Amino acid sequence: MTTGVPLTPTALASAAMPEAPPPALPDRDVERFVELSVALTGFDAFDLHGTGMARFYLRTVLDQIGDQPYHDFETALEQAGLDPEKLQGEVAQDLARAIAHLWYLGVWPPLSATVHAELRRQVANTGFTASPEAYVQGLVWSAFHGHPQGAKAPGFGTWAAPPPGAPELPPPGRHRRQAGDGR
Amino acid sequence: MTRAREVDGHRYDVIVVGAGMAGTLVAKRLGDQGWRVLVLEAGTKTLNTWPGHLDAMNTFYSSLIKVPNAPYRANTAAPSPSVLDTLPAKDGHGYRSVGYLVQDGPLPYGTDYLRADGGTGMHWLGLTPRMLPQDFKVRTEFGYGRDWPIGYDDLQHYYCEAEREIGVAGDTAEQAEAIGLPFPEGYVFPMHEIPSSYLDRVLARELDGKSVLDRYTQQQVELQVVNTPHGRNSTPNQAYDGGRGFRPESAAGLPNYGERCVGNSSCTPICPVQAKYNPLKTQERWNRKVTLVDRAVVSRVLVADNGRITGVEYQAYDDPGTPVATTHTVEADIVVVAAHAIETARLLLASEVANSSDQVGRNLMDHPVMLTWGLMPGQIGPFRGPGSTSGFEKFRMGDSRKKHAPWRLVIANWGWTWAAGSPGSDVADLLGIPDSPFKPRGKAVYGNQLRERLGDRIGRQVAFQFELEQDAQPGNRVTIDPRYRDALGNCRPILNYDLSDHVKKGMRAALDVSHQIFQLLGADERTAYPSDAPSYFQYDGAGYTFQGAGHGCGTHVMGDHRHNSVVDQWQRSWDHANLYLVGCGSMPSIGTSNPSLTMAALALRSVEKIHHDLMDLHRPLVLRPTPVPGYAQPREA
Ligand SMILES: Cc1cc2nc3c(=O)[nH]c(=O)nc-3n(C[C@H](O)[C@H](O)[C@H](O)COP(=O)(O)OP(=O)(O)OC[C@H]3O[C@@H](n4cnc5c(N)ncnc54)[C@H](O)[C@@H]3O)c2cc1C
């Protein structure tokens, strides 16, 4: 009996390990991803690397859309002069949205139904939090000088302090009247 | 650890059904008094170790929609409702309910509870305002709802006790001055108040001393920002307990941790450091007289021919994912059901006990929450600190209650998170991502512009929660029907829920007040009530939506007559002298206070009666007295 396929050691190895981890992404790919992400998010490379998420997010993107569509997206954004608003075509535009969304919230969003179909994706078109840490590292919180709810707690009483540029204010009520500056 | 099947056939002094806030407190006090207590808990005990807590944290981080039950694992043996179960109706009018609760009433009961060790108190927000003296006699004073058979003075001592057990932070002097609450001479809360948020301070600067018009009474109501008492660790007050001070409770499973709030801003659904009170902290202080058994779903309260309760039947299971249960019984002199207002009613109806008044399951109340929101002119630092630190309190009291329902005007510290799903919705909006992959995408902004616009928009978000008093209505009720069962075959709760005109009129008045406040603030009001939302209704020419507060009450109502109430003033069943129903379900009216502190006070009051009942049954017995705190002898602060 023959299967028609030669049973080489490599084929056997991958058959035994269908979930084998993909090869590590080269640093230069991660660097490139971060450069594009700077244009998408408005955070600089230092901040983006500082989240510790860059490599994992690139992996997430590749898992979601595949290598070739991602490389096409890279090229498209370069050709648009790293200005995402100049991206042409529904696919590139939707991928820009999704990658920015991933950085800001740690959540991969559903793509537009047409883009999902066009990419012939092998995965369901559903949104998901990329990992627990991805939520914590979302950029949105620092965009308004906050902290992720449930993490990076700033300390007792810090919620009474003014946000940048706003004046200090006394507590309402009794203390304020006692302090003699009430109206 | 005792497993559920091991207690089969045993006999205890007391069985407590449910290890939530009410059951845990009852077990604590009875154990301290030397009674053998068995606590049967339907859910799992995974949360009371530190690894279990961390697992819940990760589940919370990973969840896409961070609703109150998001951190806690689903359990098919003891299912819980979720706020995600209430969906818009398919035809765009009204709602449909897809989860554990069966709902067929005019409006949705759009809120949840948690069936796990610790109960709903794991994800409560932790606000602990007392009820006002006038809240106990709304029928007599204002002509709606039901009066209590007892009053504020009867609860004074137990309020103080509950504030000790929960560990309340607040300012008694301000509560007395701004709200008129009576306290014992010299009494202070165990801890100093939780500092008011920056938003509270901005609102006080802009609004304190100004007033708004109540359209129905034509009276001006004065605005004043008042700090709210919290069940949350703050700075201990040295003057507490006659100068003995207070030691805050640490996290369950991690000693010396969580003794002060550090501003995680996620009290609901989960406090990462457990600075917020949760019942597991009390369980750590249970003595060895108390046995907790989890994965034990009580399916029936057992009654003898003479009307005495003999014990309970329960179902023991191992795997909450694929429940296979075995049925057991256990006996006790006294049974305390503390399974949450809706579950207690469900269990009583399924057991066909305690219902000669036909009031079991009726009078279901919540605090319907009307949200309003807008953008302030400048940055106010949202999403910082506990969910709310202050409110406007004057709308809770006075003769306007004769015209419409009163409310607590709660200042929300977390931007539009409840009102509009911020900050996720803001990101999606600016990126042009609609709520469905089939809808056309909008134009996106990127880079610095995205970052700056998000910062500007989210940083100015303000929201108010108008939490209205709901009056007891017999038609708002929990029933059961053998056609609707859960995986273990227990009847699921069927809810019929609606708002009275008294409440709707309150919303009308509140919306008016909200408009005036936004105007005084120079804010850009963004409140919108879409007509396809599940809770949408129209009243007096305007449309409204509302949320549930999770404050289920009234379903085993307390009264002074066995004909029209389920329990007496001790939360003891009129029909069965050794059955106590402990929880918010006993409350005949709920004022505008979040109910758990009052519930805890009532529970501690019931313990005294239970203790006396047991003494009568068991004498002679050597007892260890509980120390009486010396509130009456304060030291000068
Ligand atoms: C989102 C949210 C926020 C809230 N915030 C506040 C707040 O800030 N302030 C406030 O005062 N209140 C608040 N509440 C309300 C508060 O959580 C409840 O009033 C309180 O938890 C009720 O306590 P309980 O012990 O009666 O019920 P629960 O806490 O629900 O406990 C009942 C227990 O009984 C168990 N049980 C149920 N059925 C069975 C059975 N058949 N057999 C055995 N065990 C069973 C359950 O598993 C559970 O452990 C909030 C509620 C929600 C939902």
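Residues numbered from 1 in each chain as written. Chains lettered and ligands numbered in written order. Predicted model: local features only at pLDDT ≥ 70, side-chain atom pairs only at ≥ 80, totals over all residues. Heavy atoms only, no water.

Undergrad: Looking at this model, I keep getting lost on the overall build of chain B. Mind explaining?
TA: Regarding its fold elements, chain B presents 14 helices and 22 strands. For chain B, whose C-alpha radius of gyration is 24 Å, the value lies close to the compact-globule estimate of 26 Å for 637 residues. For chain B, the spread of C-alpha atoms along the principal axes amounts to about 75 × 60 × 50 Å. With 637 residues in all, chain B has 64% of them scored as buried. In chain B, 74% of the contacts between residues at least 6 apart in sequence involve partners at least 24 apart. With the model as given, the accessible surface of chain B reaches about 22,000 Å², and the carbon-plus-sulfur share is 48%. Positive and negative side-chain charges of chain B, numbering 64 and 70 respectively, have mean locations separated by a distance of 3 Å. (Helix = DSSP H or I, 4+ residues; strand = E, 2+ residues; numbered from the N terminus. Rg over C-alpha atoms; globule rule 2.2 N^0.38 Å. Buried < 20%, exposed > 50% of the residue type's maximum accessible area, 1.4 Å probe, protein only. Contact = heavy atoms within 4.5 Å. Areas by Shrake-Rupley, 256 points an atom, 1.4 Å probe, with all protein chains shown as cover. Lys, Arg positive; Asp, Glu negative; His and termini not counted. Charge placed at Lys NZ, Arg CZ, Asp CG, Glu CD.)

Undergrad: Please explain the environment of B:Gln473 as it appears in this structure.
TA: Residue and element names in this part refer to chain B. With respect to the helices and strands, glutamine 473 occurs in the loop between strand S16 (461-468) and strand S17 (477-479). In this structure glutamine 473 comes out as partly exposed when scored by relative accessible area, which is 29%. C-alpha of glutamine 473 to C-alpha of leucine 364: the two residues are 109 residues apart in sequence and 7.3 Å apart in space. The residues touching glutamine 473, leaving out its near neighbours within four places in the chain, are Asn363 and Ser500.

Undergrad: Quick question: what am I supposed to make of the site of the ligand here?
TA: Residues and elements named next belong to chain B. Around the ligand, the structure places 39 residues, and the nearest of them are Ala22, Glu41, Thr120, Leu127 and Ser596. Between the ligand and alanine 22 there is a distance of 2.9 Å, counted from an oxygen atom to a backbone nitrogen or oxygen. Between an oxygen atom of the ligand and a main-chain N or O atom of glycine 126, the distance comes to 3.0 Å. When the free accessible area of the ligand is taken as 990 Å², the share hidden by the protein chains comes to 97%. Of all the secondary structure elements, the ones that give two or more residues to the shell around the ligand are helix H1 (21-32), strand S10 (296-303), helix H9 (341-351) and helix H14 (596-618). Top contributing element to the shell around the ligand by residue count: S10, with three residues. Classifying every residue of the shell around the ligand by side-chain character gives 21 nonpolar, 13 polar and five charged. (Near = heavy atom within 4 Å. Polar contact = N/O pair within 3.5 Å; in protein donor to acceptor, adjacent residues only side chain to side chain. Nonpolar A, V, L, I, M, F, W, Y, C, P; charged D, E, K, R; others polar.)

Undergrad: When you look at the sheet that holds strand S18 (residues 494-496) of chain B in this model, what are you seeing that I'm missing?
TA: Sheet strands pair by backbone hydrogen bonding; their relative direction is either parallel or antiparallel. All names here are of chain B. An order of S5-S18-S17 is seen for the three strands of this open sheet, with the pairing classed as mixed. Two strands bound the open sheet, and with one partner strand each, they are strand S5 (102-103) and S17. Pairing analysis gives two bridges linking S5 to S18, with the strands arranged parallel. Following the sheet pairing, glutamine 103 is matched in S18 by leucine 495. (Pairing = 2+ DSSP bridges.)

Undergrad: Sorry if this is basic, but what is going on with the environment of B:Tyr497 here?
TA: Residue and element names in this part refer to chain B. Relative to the helices and strands, tyrosine 497 is located in the loop between S18 and helix H13 (501-521). Between the C-alpha atom of tyrosine 497 and that of glutamine 103, which follows or precedes it by 394 residues, the distance is 8.0 Å. Excluding residues within four positions of it along the chain, tyrosine 497 makes contact with Gly105, Pro106, Leu107, Pro108, Tyr109, Leu364, Asp366, Pro368, Gln470, Asn476 and Phe546. Among the polar contacts made by the side chain of tyrosine 497, one reaches the side chain of glutamine 470 at a distance of 2.7 Å.

Undergrad: Would you explain the interface of chain B and chain A in this entry?
TA: For interface size, the figure often reported is the accessible area lost on association. Contacts between chain B and chain A engage 72 residues on the former and 63 residues on the latter. For the pair chain B and chain A, the two sides together bury roughly 5,300 Å², of which 60% comes from carbon and sulfur. Looking at the side of chain B facing chain A, the largest losses of area belong to B:Tyr198, B:Arg384 and B:Tyr446, adding up to 15% of the total buried there. Inspection of the chain B/chain A interface yields two salt bridges. Between B:Lys443 and A:Glu85 there is a salt bridge, and its shortest N-O distance comes to 3.5 Å. Our count for the chain B to chain A interface comes out at 22 residue pairs in polar contact (both at pLDDT 80 or more). Taken together, the residues of the side of chain B that touches chain A break down into 32 nonpolar, 26 polar and 14 charged. (Buried area = accessible area lost by both parts, 1.4 Å probe. Salt bridge = Lys/Arg side-chain N within 4 Å of Asp/Glu carboxyl O.)

Undergrad: So what exactly am I meant to see when it comes to the sheet that holds strand S8 (residues 225-227) of chain B here?
TA: Residues and elements named next belong to chain B. With antiparallel pairing, the six strands of this open sheet are ordered in space as S8-S14-S15-S16-S13-S19. Only two strands of the sheet have a single partner each, and these edge strands are S8 and strand S19 (524-525). Here S8 runs beside strand S14 (residues 390-392); their pairing, made up of three bridges, is antiparallel. Considered in S14, the bridge of valine 225 is made with phenylalanine 392. Where helix H6 (residues 198-207) meets the sheet, its contacts fall on S8, S14, strand S15 (407-412) and S16, and the angle it forms with S15 comes to roughly 120°. Strand contacts of H13: strand S13 (369-375), S15, S16 and S19, with the helix running at about 155° to S16, the strand carrying the most contacts. (Axes fitted to C-alpha atoms, helices over the stretch in contact; angles between N-to-C directions.)

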